[in-house]
Structures are given as structure tokens and as C-alpha cells.
Amino acid sequence: MKQCLLFLLTFASVYANAQSMSGKAPAASAQIVIYKTKANYSKNVPVLLSADQKLVMSYPAKSDININGAFTYPTKLPKGYLLDNRGINANTVFLDLTYEEYFKMEKIDPLILATHILDKQPFLQMYSCGNRMDHTNLVEDMKILIKKNKLKDCKCTVSQP
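Calculation notes
- Residues numbered from 1 in each chain as written.
- Predicted model: local features only at pLDDT ≥ 70, side-chain atom pairs only at ≥ 80, totals over all residues.
- Heavy atoms only, no water.
- Phe/Tyr/Trp six-rings, centres within 6.5 Å; stacked < 30°, edge-to-face > 60°.
- Lys NZ or Arg CZ within 6 Å of the ring centre and 35° of its normal.
- Pairing = 2+ DSSP bridges.
- Helix = DSSP H or I, 4+ residues; strand = E, 2+ residues; numbered from the N terminus.
- Contact = heavy atoms within 4.5 Å.
- Axes fitted to C-alpha atoms, helices over the stretch in contact; angles between N-to-C directions.
- Disulfide = S-S within 2.5 Å.
- Buried < 20%, exposed > 50% of the residue type's maximum accessible area, 1.4 Å probe, protein only.
- Core = buried A, V, L, I, M, F, W, Y, C linked by side-chain atoms within 4.5 Å.
- Polar contact = N/O pair within 3.5 Å; in protein donor to acceptor, adjacent residues only side chain to side chain.
- Arc of directions from axis to C-beta.
- pLDDT = per-residue confidence, 0-100.

1. A few points about the packing of aromatic side chains
Aromatic rings in a pair are described by how distant their centres are and how their planes are angled relative to each other.
Thinking step 1. Counting across every chain of the model gives nine aromatic pairs.
Thinking step 2. Aromatic side chains Phe71 and Tyr73 sit 5.8 Å apart centroid to centroid with 45° between the ring planes, which places their arrangement in the tilted category.
Thinking step 3. Taking NZ or CZ as reference, Lys43 lies 3.8 Å from the ring centre of Tyr73, over its face.

Set out below in C-alpha cells:
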């Protein structure tokens, strides 16, 4: 019974994580994630690792990174911050593959993707700033939040010196 429950919980967790990284665009109820990375990974594909950082648990479908001919890059914000447009979290890493290279791949395999990880600790800072649905002009609102040094009002999910 315990094994069955453990399996169901694991499956539910993986499914939920896969859902957070997939889809045509962030859902209206998606969380606002603002972040900074150690290097410029804005053109690199994000994937979700397991908590022990050994397995690629979730990765985008090609249709998730190119919508109507446009790649779903993060939106640039002031002071080097980025607004997530993919559904990342603290367990996200970036591949050494750009969106364009990933989009051209014939077969996407999580075991192969694991060999393309650039940095297992890519984030300097990450904030969860509420719900996208609460903003009529999300990008402008986040620019103002950053310019007024109000990120401290958001939930900090990653902070490295």
C-alpha cells in the first residue's frame, strides 16, 4: 500500500512539474517569476531537474518554445532581471542548447538533455511575485516594481551571494 501511495505521489509531482513547464503560454493563473542568472542564459532552453539534480524531470515540447513562429524567451526587465515565460522554478537549469538548436532536434530525450546542462546552480536570485492574472500590464508593472526596489515585497525563492 505504501509503495502504491508513493508511486501516486511521485507521479502527481512529476505530472504537476511537467505541466508547469509545458503549455502554449503561461496560464492566466500562473505565478510571476522574476530572476537573475550567473550568466546570460536567456536564449538557452530551461529544463526541470529532480530534487537530487540527477534526472531531467520535465522539458518543453518543441511547440512550447516556438509559438506562432516566435520563441518564448524570457522578457528583459531593468537591472538585469528577467520575467519568466516558460514556467521555471528553483529546480530549473539551462541547457547549452539555444531555443533554435533545441527546436531543430529530431528527437528529444531526457537522458541526452542531461548531458547538455550548463550549470546546476544558475540562479543568483529568483522571486515569486504573485499571480499573472492580477495584472493588466504585467511587464510594465514588473518594471516599476524593480525600479522602485520593491522585489523585497515578493517571495524570494533563490538567493545566492
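2. Some details on the sheet that holds strand S1 (residues 31–37)
Thinking step 1. Spatial strand order, S6-S7-S1-S10-S11: five strands in an open sheet with antiparallel pairing. Looking at strand neighbours, the two that pair on one side only are strand S6 (75–76) and strand S11 (155–159), the edges of this open sheet.
Thinking step 2. Sheet topology note: the S1/strand S10 (residues 123–131) ladder contains six bridges and is antiparallel. Bridge pairing in S10 links Tyr35 to Met126.
Thinking step 3. Its contacts with the sheet place helix H5 (residues 138–147) against S1, S6, strand S7 (82–83) and S10, and it is angled at close to 50° to S1.

3. Some words on the state of the cysteines
Thinking step 1. On inspection of all chains with the given rule, the structure shows one disulfide.
Thinking step 2. With its sulfur 2.3 Å from that of its partner, Cys129 forms a disulfide with Cys154. A torsion of 115° about the S-S bond marks the disulfide between Cys129 and Cys154 as right-handed. Of this pair, Cys129 sits in strand S10 while Cys154 sits in the loop between H5 and S11, placing them 25 residues apart in sequence. Assigned by exposure class, Cys129 and Cys154 land together as buried.

4. A word on the nonpolar core
General note: in soluble globular proteins, nonpolar side chains tend to be found buried as a group.
Thinking step 1. Counting residues in hydrophobic clusters, the biggest one holds 14 residues, and the most contacted among them are Val45, Val47, Leu95, Leu97, Tyr102, Met105 and Leu113.
Thinking step 2. At the level of elements, strand S2 (44–49), strand S8 (92–98) and helix H3 (99–104) are the ones that each hand at least two residues to this core.
Thinking step 3. Not counting the four nearest positions on each side in its chain, Leu97 is found in contact with Lys43, Asn44, Val45, Tyr102, Met105, Leu113 and His116.
Thinking step 4. Membership of the second largest hydrophobic core comes to 13 residues, among which are Ile34, Met142, Ile146 and Cys154.

5. With respect to the side chain of Ser50
Thinking step 1. Mapped onto the elements of the fold, Ser50 is located in the loop between S2 and strand S3 (56–58).
Thinking step 2. Residue classification places Ser50 among the buried residues on the basis of a relative accessible area of 10%.
Thinking step 3. At 3.3 Å, the side chain of Ser50 and the backbone nitrogen of Lys54 are in polar contact.
Thinking step 4. Setting aside residues up to four positions removed in sequence, Ser50 forms contacts with Leu55 and Met57.

6. Details of H5
Thinking step 1. What H5 keeps buried is the set Leu138, Met142, Leu145 and Ile146. Along H5, the residues classed as buried sweep out an arc of 95° about the axis, all on the same side.
Thinking step 2. Where the residues of H5 are buried, they touch S1, S7 and S10.
Thinking step 3. Immediately beyond the C-terminal end of H5, within one or two residues, lies Asn149, with a positive phi of roughly 55°.

7. Considerations on the confidence of the model for the chain
Thinking step 1. Taken as a whole, the chain shows an average pLDDT of 85; of its residues, 82% reach a score of 70 or greater.
Thinking step 2. Mean pLDDT in the chain bottoms out at helix H1 (residues 2–21), which sits at 40, and peaks at S7, which reaches 98.
Thinking step 3. Scored below 50 in pLDDT, residues 1–28 makes 30 contacts in the model with residues more than four places away or belonging to other chains.

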